[in-house]
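Descriptive analysis of the structure
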Amino acid sequence: MTDLHGRRIVLGVTGGIAAYKAIELCRRLVDAGAHVAPVLTEGALHFVGRTTFSALASEPAQVSLWDEESPIPHTRLGQGADLILVAPATARALAAYAHGLSDDLLTATLIATRAPVIVCPAMHTEMWEHPSVQDNLRLLRERGVVVVPPAEGRLAGGDVGTGRLAEPEIILDAVHHVLADTRRDLAGLRVLVTAGGTREPIDSVRVITNRSSGKQGHAVAAEAAGRGAEVTLVTTVDRPAPVGATVIRVSTAAEMEAAVMPLAAQQDVIVMAAAVADFRPAMVAARKLKKDEFGDGGTPQIVLEPTHDFLVDLGASKPSGQVLVGFAAETDDVIDNARAKLARKRLDLIVANDVGAARCGFEHDTNAVVLIGADGLHQDVPLTDKRSVARALLDAVVELRSTP
Ligand code: CTP
């Protein structure tokens, strides 16, 4: 169990019948040594008293953005927190958080924080299963929020089903787990990550692209941000980006190169997770090509030209101390090909990714890789979620930085 002594936890309580269980949670967190700052929504006050929390917690419970002497309590609470725990989290609270509607103190605090966040949804089964709730949770998970799912059992009004707030033991386990995991070992470092497949235009409506979803690159960016890095994410995909990251959206290999190169020299770590096109159409028609331009049954001949491999440039101009990481998406001779790329591009580390293997690589939520280092590292990361692959990758980066 992690030591909770001195850890600052903002306990968000929203308006559901399970709010009474947050009283027990508050007491147990305080007993474990945590500094607990309760933030209740107006809805929560229909179910539990502010005084109860003020009496049990480490500081008075707060409800409003406006009732404190200090003018900006949400930033104070958010900046000072080691963790924000929302239990119970109603469908409304999840929606407000997912969409940035900071109209109460709790949502404003959630949006103003860089600390890890755990949400513990509790609601009726019909609401829990509604696509809007599930979509919001997916969005939050993608941003690195930890979701402690509800349990099955008796609900308000005598109904039975999934939606009961998870038991306090399960929630406390999650708190211990998340706080044990909050390493700040990348604090103060600049980390640039590229993600997604590039899209190379053929004409004004058609592109040549690849199956990269950007999920692995976005997971690396989220993990790096969670560990305190100043993250720049250069991405081709429109998926949620980690809180606090600077996001640069690009489409083609040339745009990605133009975004990355001017920033490269200032980076402590560069992770090139993007699947950059090796070839692009040599001529791009400014308008849509029409079938009848190619005669009856004729087809266009798309002539390709190579793109510029800017990872080679990054390797050649790497400042001392910078860690440069490439990805090798392969289907054959995975390790040998990856090793060859590591040497040819003068990388410190390469992530060998067998994109032909089951549940691995492009489009999947899971991945299995081998981390190969210029220093001789050969580490298998067996099939797991992409965030865990990101964690192993950044652990290897930290290790590399600590060895001269
Ligand atoms: N890369 C790059 N610029 C390119 C092509 C690739 O920066 N024009 C980077 C990728 O982001 C990746 C690494 O180089 O980190 C390896 O890319 P990959 O396509 O696997 O390798 P290639 O060098 O293209 O080799 P091959 O075509 O033989 O697979």
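Residues numbered from 1 in each chain as written. Predicted model: local features only at pLDDT ≥ 70, side-chain atom pairs only at ≥ 80, totals over all residues. Heavy atoms only, no water.

1. What about the site of the ligand?
Basically, it comes down to this: By convention in this text, a residue qualifies as near a molecule or strand provided that one of its non-hydrogen atoms is within 4 Å of it. As used in this structure description, the phrase polar contact means that two N or O atoms lie within 3.5 Å; if the pair is within protein, one of them must be able to donate a hydrogen and the other to accept it, and residues adjacent in sequence are counted only when both atoms belong to side chains. Each accessible area is a Shrake-Rupley estimate made with a 1.4 Å probe; only the visible protein chains count as cover when residues are assessed. The pocket and cavity definitions rest on a 1 Å grid over protein atoms only: a 1.4 Å probe that fits but cannot leave marks a cavity, an open set with protein on both sides within 12 Å along at least five of seven lines marks a pocket, and residues lining either have an atom within 4 Å of a point. Any molecule with more than half of its atoms within 2 Å of a cavity's or pocket's grid points is regarded as sitting in that cavity or pocket. Labels follow the DSSP assignment, with helices taken as runs of H or I lasting at least four residues and strands as runs of E lasting at least two, numbered in each case from the N terminus.
Every one of the 17 residues lining the ligand counts as a neighbour, but Met272, Ala274, Asp278, Lys341 and Lys345 are closest to it. Here a nitrogen atom of the ligand sits 3.3 Å away from a polar atom, N or O, in the side chain of Thr307. Between an oxygen atom of the ligand and a main-chain N or O atom of Phe327, the distance comes to 3.0 Å. Burial of the ligand by the surrounding chains reaches 79%, relative to a free accessible area of 580 Å². A majority-of-atoms criterion places the ligand in the second largest pocket. Secondary structure elements with two or more residues in the shell around the ligand: α11 (310-316), β16 (323-330) and α12 (334-344). When residues of the shell around the ligand are assigned to their parent elements, the largest contribution, four residues, is made by β16.

2. What to know about the environment of Ala98
The following threshold applies: For the exposure calls, accessible area comes from a 1.4 Å probe over protein chains only, and a residue counts as buried if that area is under 20% of its type's maximum, exposed if over 50%, partly exposed in between. Residues count as neighbours in contact if any of their non-hydrogen atoms are within 4.5 Å of one another.
Of note, Ala98 is situated in helix α4 (residues 91-99). A relative accessible area of 4% means that Ala98 is categorised as buried. When residues no more than four places from it in sequence are discounted, the contact partners of Ala98 are Asn136, Leu139, Leu140 and Arg143.

3. A few points about the sheet that holds strand β3 (residues 83-89)
Defined as follows: In this description, strands pair whenever DSSP reports at least two bridges between them.
The strand order β2-β1-β3-β4-β5 describes an open sheet built from five strands, whose pairing is parallel. With one partner strand each, in any of the chains shown, β2 (35-40) and β5 (146-147) form the two edges of the open sheet. Taken together, the four bridges between strand β1 (residues 8-13) and β3 define a ladder with parallel strand orientation. The residue of β3 that forms the bridge with Leu11 is Leu85.

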